[in-house]
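Close look at the chain arrangement
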Amino acid sequence: MAVSFISTPTTPNGTQATIVYSLTGLSLEPQAKYICDVKDETGTTQLVRIKQPSNENNFGVFEISDILHDYTDWDEVWTTPTIVSSSNDNTKTFSIEFGEEFGTSPSSSLIVSESQVKNVITVYPAVEELVSGLNWQSGSYYNDFLSNSPATQSVRLEDYGTLSHFNLEDSFVENYRVTIFDESNSILAQKFFTNTYSGSNDVEASRLVHYPYGPQNFINEVSLGPIFSNTNWSYYTVVANQNEGDRRFERLNSCIEENGTRFAFINKVGTWDYYTANLTKVETQTYNQDTFEQEFVNYSTTNGSVAFDKARRGTTIYNKTIQKNFGAQTDWLTTEESDWLLELFQSPSVYVQYEGGFVPVIITNTTAERKTNPRGQKLFTHRINYQYANKPKSRR
């Protein structure tokens, strides 16, 4: 017999979906096991080998999403002023190869027959809920950006942002257009970006492409910088191809700008989304201290004299830790905005914009309420609580 596939997962797929291979044809000899080799795209470098016996019906079932996820990461492209392709294993292609091993007796040495069948799969860190199916539904994002964000959002002048697209043989961005408008809907400027990596899905790094959209990204771009630095623009649109993935970004009114918080977070589609909680940010600090009691009498005198010393400390702090806790309040949200923002609470990687860059944070909310009554809840609001991922040093 020879090992063969019964089913294989779709490609591209998400490493946080359920990536299942099922096989048949394992030898009936003693000590028989299926072999699964996870290799790089060329099939020359073995990354992981898994062995397992068949089930009682001689079938083999392998679920390898967690293994593939360990070899992916996220591109940190928040501030790019130009179009860039993936450079940090945000998407990765593997050769998944199956074979078998068996013996001629229960105690014999093993005969190994590897790589009898193989399957090439491209993945990145997208999520698929188990109620929706095993494979990530990549087809729902054809000709659109990899985001569930609302088509219209508000941005501050200093905000960064990017949109991402996955290049496939029949779905790739040929042009990317930014159009800036004033309050009367007159066009102030328009730019067509080149180097869109269109049709380059055969090159692994160029399968996933990131496009700038934040005002600060464009301010750092030579040709659009003067327009966005001016005060008379009202909103702008970004469009992929002719009218696909159309997004509109409205300038946040300066009277409510206050000291809000700009979040960048990995969404359920495995790329960055951004949200500005534009109301006042609140900071509270909590302190924990370790102490010991020092005797008032100096038993450690070095000259035998024990003089009265009113400055001698009794309770002494030898370690003091500081925890900074922040709270960001959203404005009133529509149902669409509220549902999408739950992805921020669920995200494994969240940053906040800080002094022209981004710093990692931990969302500390343990629950998030979802709007469930469309008739009684017309608008919704969230409080986003977070801490810096890098804690302040202890005071001693």
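See the structure shown above.
Residues numbered from 1 in each chain as written. Predicted model: local features only at pLDDT ≥ 70, side-chain atom pairs only at ≥ 80, totals over all residues. Heavy atoms only, no water.

1. What about the overall build of the chain?
When helices and strands are counted, the chain shows four helices and 23 strands. Among the 396 residues that make up the chain, the fraction classed as buried is 46%. Summarising the internal contacts of the chain: among those between residues at least 6 apart in sequence, 69% fall at separations of at least 24. About 19900 Å² of surface is accessible on the chain, with carbon and sulfur atoms providing 47% of the total. (Helix = DSSP H or I, 4+ residues; strand = E, 2+ residues; numbered from the N terminus. Buried < 20%, exposed > 50% of the residue type's maximum accessible area, 1.4 Å probe, protein only. Contact = heavy atoms within 4.5 Å. Areas by Shrake-Rupley, 256 points an atom, 1.4 Å probe, with all protein chains shown as cover.)

2. Some words on the pairing of strand β18 (residues 272-277)
A large share of β18 lies buried, amounting to six of its six residues. Of the two faces of β18, the one lined by W272, Y274 and T276 and the one lined by D273, Y275 and A277 are each fully buried. Bridge count for strand β17 (residues 261-266) against β18 is six bridges, and the pairing is antiparallel. Bridge pairing links A264 to Y274 in β18. (Pairing = 2+ DSSP bridges.)

3. Brief notes about the packing of aromatic side chains
Tallied over the full model, the rule gives 31 aromatic pairs. Between W272 and Y351 the ring centres are 5.7 Å apart and the planes differ by 80°, which places this aromatic pair in the edge-to-face class. Taken as a pair, W272 in strand β18 and Y351 in strand β21 (residues 350-354) lie far apart in primary sequence, 79 residues in all. Of the two residues examined, W272 and Y351, each falls in the buried class. Put simply, the rings of F145, Y176, F193, Y211, Y213, F218, F228, W233, Y236, F249 and Y274 touch in pairs and so form one group of aromatic residues. The ring of Y235 carries the charged tip of R248 above its face, separated from the ring centre by 3.7 Å. The ring of Y287 carries the charged tip of K320 above its face, separated from the ring centre by 5.5 Å. (Phe/Tyr/Trp six-rings, centres within 6.5 Å; stacked < 30°, edge-to-face > 60°. Lys NZ or Arg CZ within 6 Å of the ring centre and 35° of its normal.)

4. Some details on the side chain of N325
Its place among the elements puts N325 in strand β20 (residues 315-329). A polar contact is formed between the side chain of N325 and the backbone oxygen of Q323, at a distance of 3.5 Å. Look past the residues within four positions of N325 in its chain and what remains in contact with it is V282, E283, T284, T286, Y386 and Q387. (Polar contact = N/O pair within 3.5 Å; in protein donor to acceptor, adjacent residues only side chain to side chain.)

5. So, the pattern of salt bridges
Opposite charge on two side chains permits pairing when their charged atoms draw close. Scanning the model with the defined rule gives 11 salt bridges in all. Note that D89 is salt-bridged to K92, the shortest N-O span being 3.5 Å. When the shortest N-O distance is used, the salt bridge between E221 and K191 registers 3.6 Å. Of the two residues, E221 sits in the loop between α2 (215-219) and α3 (225-229) while K191 sits in strand β13 (residues 187-193), which places them 30 residues apart along the sequence. Overlapping salt bridges, with partners in common, bring together R156, E158, D159 and R262 in one network. (Salt bridge = Lys/Arg side-chain N within 4 Å of Asp/Glu carboxyl O.)

6. A closer look at the sheet that holds β17
Read across the open sheet, the seven strands follow the order β18-β17-β21-β22-β23-β20-β19; overall the sheet is antiparallel. Each edge of the open sheet carries a strand with a single partner, namely β18 and β19 (282-293). Looking at each pair of strands side by side, their axes are set apart by 35° on average, direction ignored. Bridge count for β19 against β20 is 12 bridges, and the pairing is antiparallel. Bridge pairing in β20 links F292 to T316. (Axes fitted to C-alpha atoms, helices over the stretch in contact; angles between N-to-C directions.)

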